[in-house]
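Remarks on the overall topology
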Amino acid sequence: MSAHIVYDIAPLGALIRYSDGTPRPPARFAKKLAAWERRNGLGRLVRKEPPRRPAYCVPAAIILNEGNFASGSVILVTAMREHSLDSDLRYEIVERPTIGMIRVLLSVGDNVELLHLADGREAAELWLAKAGHTRARLEEVTADEVGADVVEGRAAA
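These lines cover the structure that appears in this document, whether it is placed above or below. No experiment lies behind these values; they were computed from the predicted model shown. (Residues numbered from 1 in each chain as written. Predicted model: local features only at pLDDT ≥ 70, side-chain atom pairs only at ≥ 80, totals over all residues. Heavy atoms only, no water.)

Roughly 500 Å³ of internal volume is contained in the largest pocket. Looking at the largest pocket, it is lined by 19 residues, and the ones nearest its centre are Asn68, Ile75, Leu115, His116 and Trp127. Elements represented by at least two residues in the lining of the largest pocket include exactly β2 (41-49), β3 (61-71), β4 (74-84), β7 (111-118) and α3 (121-131). Across the lining of the largest pocket, the residue classes tally to ten nonpolar, six polar and three charged. (1 Å grid on protein atoms, 1.4 Å probe; cavity = no way out; pocket = protein on both sides within 12 Å on 5 of 7 lines; lining within 4 Å. Points joined across faces, edges and corners; volume = space filled by probe spheres on them. Helix = DSSP H or I, 4+ residues; strand = E, 2+ residues; numbered from the N terminus. Nonpolar A, V, L, I, M, F, W, Y, C, P; charged D, E, K, R; others polar.)

This is the structure:
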């Protein structure tokens, strides 16, 4: 599927795989492997960026969290990758948030960003207390949301 379809139907917190369709090169070809890894990967959908029109047109995009790099229990770097909706890559929704999971969300201007996806309310509140985000809010993944995906045919995507 295209990035545009992911933008339209994937919920925040979904695990998204992207690929250019080429086979992975052998590890001995370090430069080719690094280039391949930039166009093939997996990440959690944390934001859907609407199109912007300051001085020039910037298309809408999806932002994927590809992982955190930590030292001990302290996160030093969060790897985020922005994919424009006009990208030539292919996307696949690997996993959707399940009923009862809790999204920790932060409003960023007119948009919302997923900070954390927890298995339950207690885990989300604990993460929020440790992280110290005072303006974040909690949102539960409901049966209605998951059911709408199934009824509208999005669960198989």
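Next comes the rest of the description.
What follows is about the pattern of salt bridges. A side chain with one charge may pair with a side chain of the opposite charge, provided their charged atoms come close. Summed over all chains, the structure comprises ten salt bridges. The shortest N-O distance in the salt bridge between Asp20 and Arg39 comes to 3.4 Å. With a gap of 19 residues between them, Asp20 in the loop between β1 (15-19) and α2 (30-39) and Arg39 in helix α2 connect regions that are remote in the sequence. Here Arg39 falls in the partly exposed class, since its relative accessible area comes to 33%. (Salt bridge = Lys/Arg side-chain N within 4 Å of Asp/Glu carboxyl O. Buried < 20%, exposed > 50% of the residue type's maximum accessible area, 1.4 Å probe, protein only.)

Tallied over the full model, the rule gives one aromatic pair. For the pair Tyr18 and Tyr91, a centre-to-centre distance of 6.4 Å together with 40 degrees between the ring planes defines the contact as tilted. Separated by 73 residues along the polypeptide, Tyr18 in strand β1 and Tyr91 in strand β5 (residues 90-95) bring together distant segments of the chain. A residue is classified by how much of its surface remains accessible, and Tyr18, at 1% relative accessible area, is buried. Among the residues examined, Tyr91 registers a relative accessible area of 3% and is labelled buried. (Phe/Tyr/Trp six-rings, centres within 6.5 Å; stacked < 30°, edge-to-face > 60°.)

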